[in-house]
Amino acid sequence: MRSRLARFLLVDKVDYLQWIGTAAAFFFVTILVVAFLPGSLVLETPAMLLPSRRASAGGVRSRTHPLLPPDLDNGEGLAFEPTRLRERWARERREEAESLAELGRPVKRAGARKPRLALVFANLAPGAMQLQMVSVASVLEAMGYEMKVFSFEDGPCSNIWRTIGIPVEILPVDTKLLTSVDWLDYDGMLVNSIEARPVFSSLLQEPFKSIPVIWTVQESSLAHCVSDYNSSGMIQTLGGWKEVFSRANVIVFPNYILPVMYAALDSGNYFVVPGSPAVAIQADRFIANSYDQDVRIGLSLGPRDFVIAVVGSQFSYGGFLMEEAFVLQAVRPLLQQYRSENSTQTGLKVRILTGNVTDKHRMALEAISLNVGFPRGAVEHVAVEDSDNLLGISNLVIYGSCLDEQSFPSVLVQAMILEKLVIAPDLGMITKYIDDGINGLLFPRKNIAMLTQVILQAVSNGELSVLGKKVASVGKARAKDLMASEAIEGYAVLLENVLKFPAEAITPLTSGEIPLALKQEWKWHLFEDVKHLYHMNESLTDCKILQKIEWHTNRKDDPRSSTQKIDEAFSAIAWNEERLNGIMDAKMKLEEEELKERSDQPHGTWEEVYRNVKRVDRMKNELHERDENELERTGQPLCIYEPFFGEGTWPFLHQGSLYRGIGLSSKGRRPGADDIDASSRLPLLNNGYYRDILGEFGAFFALANRIDRIHKNSWIGFQSWRMTARKVNLSKNAESAILEAIQTQKHGDAFYFWVRMDQDPRNHGNQNFWSLCDAINAGNCRLAVSEAFQRMYGLQLDEDLNSLPHMPNDGDTWAVMQSWVLPTRSFLEFVMFSRMFIDALDAQMYDKHYQTGHCILSIHRDKHCYSRVLELIVNVWAFHSARRMVYVNPETGAMREQHPLDGRRGRMSIQWFSYATLKSMDEDLAEEYDSDHPERRWLWPHTGEMMWQGLYERERNMRQQEKERRKQQTKDKIQRIKKRARQKTIGRYIKPDDAGRLNDTGTVD
């Protein structure tokens, strides 16, 4: 307060009477503050700090209008800085540069496809969110992004999106809110609105947890409900919102108020991109529905009153009352232009827009205004809820706050759109958008006395001067798109820092390379036909909209939700009958158990009881697998397995007897489904590092490990769940065609596949095999495969990589995405080859990749590293092991052999891929492990069974020894029985005759 007064008294020219009046007003306000507001302006040390930012001076608090600490009263604003985000981005860039330098080999970007983005909305009704994102998407498309819009509800804006060339898909939502979209197809997601929360039911599950998500939140309704959740003890609901807020990589707000209001949900990922067309739409709606006379009556104004609206910061702080007094002092000279005989009918009215209005504030303001010289009722507070009405009927808008904030006040944008003359201090965030005398009038922040001169220039003879009208007109023309450029560029900067593009993606333009003409305005012209529908997309206040969202989300954990459709299918009578039948069945079962307990039960030795219990346990395990699908599967020649990881893949898995799921983790198995737990069959998959890096090969190894216990079909197949998401999975016709070809042995020992490499989205230029492998592996696929073969076979290949296995470019195609079928015996042979190949890759890359997360097959940190090489390696094995390679059309089932055997002669390296060679190498590794027990880290022994001749002999000897031991035990038992001591007979009983006489023999001793 003293610093403000000191600046005020340091003005160059102040007449004597003005100085006396100002001094008197100051002391009078000081007395009022002490007398009437002893507590409302005294702030304690703030108890809440946003994790996302560091404030330049303390924290903030309040529900709707945050209060600033008292040390901000000198005009220094609150600085919101996303410190954690920027530190993390800088750290990631630094670590990535260091890790890539340590690799010792350059990584290259092939640039075969555009980066893909998914834009998710709750609905496609026209509104500020749709207008903003259409404008942003238009610029992103020019930068090189490829996008697709997803929405839970259709609306008029779907045609707008299609007009700018962006496809739209309406999301079908099942009872558990798992959307049927493969989000792994996209490099990032832009989720918009709180109402789009249901999409996080998928993004919170594997394998979609790693998808970068930018969530734009423009509503304040949830912030108002957070305190209600705490007070009502709704911990689970509040925890659910915290979980989804922390899942997003970045939460984007359009202003600096919302991050403070959402402080309770902040996990360090808040970011502000200022600027939104919402204010312009709100102003246009007021103009269309304006009833000037009614509004003036509601605000206690006459039809000819000259209204000055005094607005300020959205934050409430200790110096705002003093600033109001200074503004009233500056406006006082205008009273001379509105003098009348009846002071209550004065044409000059001042309305001060404020948030937290109390009786003490009203009393203080009335006292100040009367002391300055205003008649009673000329100066009043107006609540924020009436801000639209106030700005609509005002003649002049004065921004009275000297608090230096970070973004241009939205209230000034709205005033300029309504063609109101704006007078504001020369703060940094205001001079960035207002040119003095062009689209607004400015006064020196450190010389508030100049405000009177500026006001006298703007008002002449009781109305706006010619200069004021001209300035207001220019301001209206510029205001509608005032901050469009900053908002659009802000999203471009975010994408640069959040997204990590794979090697096959083209690098888009940077934010600095965006042409100014593309980003300087919102796409208003696209919404001309639907702008009359803006009012239909208003966000619900309080917690109404949230109750609907939370109810649908909570159904995900409700076991009854999965049977809702079944419940609705039965009538009340049918359910009564079902209930009675259940009661009868329970009674009969109880009676049977009671009768069973009463009947005699055979008893045996403890050894027999133990064997019976073990037998029952084994039968339970067998019965668990032998459900209806298992019984049907037993008689089929083929079983197709679908490897999956996480609940997010469940909508893409099949249920029929031909298919069977195999989960890479026991946590994500489908309840009640006949899925195989791969981690229980192969303990290596309990290690998250190898589960991620092996991918589908983890399922291959788990099945091949003692395969006769789980797979009893002569043929085996695999299909990626991602192909089902892309609708490239086998149709009924294709399934029948494959089964017929297998049963008739049409192609013999063949390799059937139905996902073509030349139609893969990553292969835009129809590249050959090794070129595509390099493109999706940072240009180092050939190098990695070459070194792996050297380790695997102990050979020295040429440095120019020409000695790699030949993969001809003869017009035919290859298999991708691990979707194929082959004989079970051939599958085991392929697994034998793959185990040794992966072991060589692991020995080559484990150390650096495990420590830093970087490898030569990826440009950025990648937990999957060489999984893209493994995706293609099956083609190398199938081609050079002389298997027929047959492409099956997934829709029609039509078959066509690729790379015919007759044309392969002389181009296959059969000596390195034959069964005899691979078996010999496999036995050598098994012998080394079994005999030497090496202590080095070695992956191969953990990927499956180990068999060699010495192991067979040892097992045979052990079985023979066990047999001999049992024979000896039997002999010893017999000898003990023979040598057992027997008690001699004591005597013989003689039965007497009929006469009662004893037999002559008597009793013999």
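Look up a bit, the structure's there.
Residues numbered from 1 in each chain as written. Predicted model: local features only at pLDDT ≥ 70, side-chain atom pairs only at ≥ 80, totals over all residues. Heavy atoms only, no water.

1. Overview of the state of the cysteines
Simply put, disulfide is the name for a covalent bond between the sulfur atoms of two cysteines. Under the criterion given, the structure shown has two disulfides. Between the sulfur atoms of C855 and its disulfide partner C865 the distance amounts to 2.3 Å. Between C855 and C865 the disulfide shows an S-S torsion of about 130°. By sign, it is right-handed. Of this pair, C855 sits in the loop between α33 (824–852) and α34 (867–880) while C865 sits in the loop between α33 and α34, and the two are ten residues apart along the sequence. Accessibility expressed as a relative area gives 3% for C855, which makes it buried. (Disulfide = S-S within 2.5 Å. Helix = DSSP H or I, 4+ residues; strand = E, 2+ residues; numbered from the N terminus. Buried < 20%, exposed > 50% of the residue type's maximum accessible area, 1.4 Å probe, protein only.)

2. Describing the nonpolar core
In this structure, M792, W820, F827, F833 and F837 are the most contacted members of the largest nonpolar core, which totals 104 residues. By residue number, the principal contributor to this core is α33, which donates twelve residues. The residues contacting F837, other than those within four sequence positions of it, are V785, A788, F789, M792, V869, L870 and I873. Counting residues in hydrophobic clusters, the runner-up holds 85 residues, among them F121, L190, A280 and L442. (Core = buried A, V, L, I, M, F, W, Y, C linked by side-chain atoms within 4.5 Å. Contact = heavy atoms within 4.5 Å.)

3. Comments concerning the pairing of strand β1 (residues 116–121)
The buried fraction of β1 is high, at six of six residues. Burial of the side chains of β1 extends over both faces: R116, A118 and V120 are buried on one face and L117, L119 and F121 on the other. Pairing analysis gives six bridges linking β1 to strand β2 (residues 146–151), with the strands arranged parallel. Looking at β2, one finds that A118 is bridged to K148. Running through helix α4 (residues 128–143), the crossover from β1 to the neighbouring parallel element β2 is right-handed. Bridge analysis of β1 against strand β4 (residues 188–192) gives four bridges, and the strand direction is parallel. Looking at the pairing, L119 lines up with L190 of β4. (Pairing = 2+ DSSP bridges. Right-handed = clockwise from strand over helix to strand, strands pointing away.)

4. Re the packing of helix α15 (residues 410–417) against helix α18 (residues 466–479)
The interhelical angle for the contact between α15 and α18, taken along N-to-C directions, is 115°, at an axis separation of 7 Å. By the angle between their axes, α15 is roughly perpendicular relative to α18. α18 is crossed by α15, and the crossing has left-handed handedness. Where α15 abuts α18, its residues V413, M416 and I417 lie against G475, K476 and A479. (Axes fitted to C-alpha atoms, helices over the stretch in contact; angles between N-to-C directions. Parallel < 35°, antiparallel > 145°, perpendicular 65-115°, else oblique. Left-handed = near helix turned anticlockwise from the far one by under 90°.)

5. As for unusual backbone geometry
Residue P207 follows E206 across a cis peptide bond; omega there is 5°. Residue placement: P207 occurs in the loop between α6 (200–203) and β5 (213–216). Not every positive phi belongs to a glycine, and S193 is a case in point at roughly 85°. Looking at the element boundaries, S193 is found in the loop between β4 and α6. Given a relative accessible area of 9%, S193 falls into the buried group. A positive phi angle, close to 50°, is found at Q745, a residue other than glycine. The residue Q745 is located in the loop between α30 (732–743) and β20 (750–753) in this model.

6. So, the sheet that holds strand β11 (residues 396–399)
Ordered in space as β10-β9-β8-β11-β12-β13, the six strands form an open sheet in which the pairing is parallel. Two strands lie at the open edges of the sheet, namely β10 (379–383) and β13 (441–443), each paired on one side alone. Between one strand axis and the next, the sheet turns by 25° as a mean value, whatever way the strands run. Helix α12 (residues 320–331) rests against β8 (306–311), β9 (348–354), β10 and β11 of the sheet, and its axis sits at about 160° to β9. Against the sheet, helix α13 (residues 359–372) engages β9 and β10, with an angle of about 150° to β10.

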